[in-house]
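Okay, here's what each chain looks like letter by letter:
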Amino acid sequence: MPKKSDFFQDVYAVVRLIPKGRVTTYGAIGIYLGAAKSARMVGWAMNNAHGLQPTIPAHRVVNRNGLLTGKAHFKPPSLMQHLLEKDGITVENNTIVNFKEHFWEPLEELKL
DNA sequence: CGATTGACGTACG
DNA sequence: TCGTACGCCAATC
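What you are looking at is a predicted structure, and each value in this text was computed from that prediction instead of being measured.

### Brief notes about the environment of G21
Tracing the sequence through the fold places G21 in the loop between α1 (6-17) and β1 (24-25). Overall, G21 belongs to the buried group, its relative accessible area being 14%. With 81 residues separating them in the primary sequence, G21 and H102 have C-alpha atoms 6.8 Å apart. Each residue touching G21, except ones within four places of it in the same chain, is listed here: D87, I89 and H102.

Below, the structure is given as structure tokens:
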């Protein structure tokens, strides 16, 4: 059977591997997959991941600025911030506080 | 099948 | 520092 774009599957795998209390960026995932310039595809993967199983912690994936750009796609939109705070992450003005400290880079954690 | 859109990021002025 | 332009690739219109 032909398998679908491994790119999307890989995105889901990486997002699922994000530890609790940590966040990453679309660009970081794209770089890890070897598609640094295809950060948009990561976003598309999330869009497709919405509602699929296992649950994808997309709330831990934000843009490079630490801004919850995808919060509008959650149900309700405030759910994203809620989940992040539940993980111990402070969110203010749709932006992660101390984003750099919470940043989780797949290349450093998965390269092993 | 062509044009537009999109949960991004970088480059340029 | 801010705003605009472009690239990237898949899905949608």
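### Some words on the protein's contact with DNA strand C
As a structural note, the neighbourhood of DNA strand C is formed by K37, S38, R40, M41 and W44. A share of 43% is what sugar and phosphate atoms reach among the atoms of DNA strand C within 4 Å of the protein. K37 places a main-chain nitrogen or oxygen 3.4 Å from a sugar or linking oxygen of DNA strand C. At a separation of 2.5 Å, a base oxygen of DNA strand C approaches a polar side-chain atom of R40.

### Structural notes on the protein's contact with DNA strand B
DNA strand B sits among 17 residues. The nearest are R40, G43, W44, M46 and N47. Backbone atoms, meaning sugar plus phosphate, form 51% of the atoms of DNA strand B positioned within 4 Å of the protein. With respect to DNA strand B, the backbone of M46 contributes an N or O atom lying 2.8 Å from a base nitrogen. Within the contact set of DNA strand B, a phosphate oxygen lies 2.8 Å away from a side-chain nitrogen or oxygen of H73. Put simply, the parts of the chain that give the surface near DNA strand B at least two residues each are α2 (26-32) and α3 (39-49). Looking at which element gives the most residues to the surface near DNA strand B, the answer is α3, with 7 residues. Split into classes, the residues belonging to the surface near DNA strand B amount to 7 nonpolar, 8 polar and 2 charged.

### A few points about the nonpolar core
One finds V11, V15, I29, M46, L84 and I96 to be the most contacted residues of the largest nonpolar core, which totals 28 residues. Breaking this core down by element, the ones donating at least two residues are α1, α2, α3, β2 (61-62) and α4 (78-86). Apart from the residues lying within four places of it in its own chain, the contact partners of V11 are I29, L33, V42, A45 and M46.

### Some thoughts on the pattern of salt bridges
Summed over all chains, the structure comprises 1 salt bridge. The partner of D87 in a salt bridge is R60, with the nearest N and O atoms 2.8 Å apart. Here D87, found in the loop between α4 and β3 (91-92), pairs with R60, found in the loop between α3 and β2; they are 27 residues apart in sequence, far enough to count as distant. For R60, a relative accessible area of 12% translates into the label buried.

### With respect to α1
Here α1 spans 16 Å end to end across 12 residues, near enough to the 16 Å set by a 1.5 Å rise per residue. Of the residues making up α1, those classed as buried are F7, V11, Y12, V14 and V15. Buried residues along α1 cover an arc of 165 degrees about the axis, so they all sit on one side.

Procedures and definitions
- Residues numbered from 1 in each chain as written.
- Chains lettered and ligands numbered in written order.
- Predicted model: local features only at pLDDT ≥ 70, side-chain atom pairs only at ≥ 80, totals over all residues.
- Heavy atoms only, no water.
- Helix = DSSP H or I, 4+ residues; strand = E, 2+ residues; numbered from the N terminus.
- Buried < 20%, exposed > 50% of the residue type's maximum accessible area, 1.4 Å probe, protein only.
- Contact = heavy atoms within 4.5 Å.
- Near = heavy atom within 4 Å.
- Polar contact = N/O pair within 3.5 Å; in protein donor to acceptor, adjacent residues only side chain to side chain.
- Nonpolar A, V, L, I, M, F, W, Y, C, P; charged D, E, K, R; others polar.
- Core = buried A, V, L, I, M, F, W, Y, C linked by side-chain atoms within 4.5 Å.
- Salt bridge = Lys/Arg side-chain N within 4 Å of Asp/Glu carboxyl O.
- Expected span 1.5 Å × (residues − 1).
- Arc of directions from axis to C-beta.

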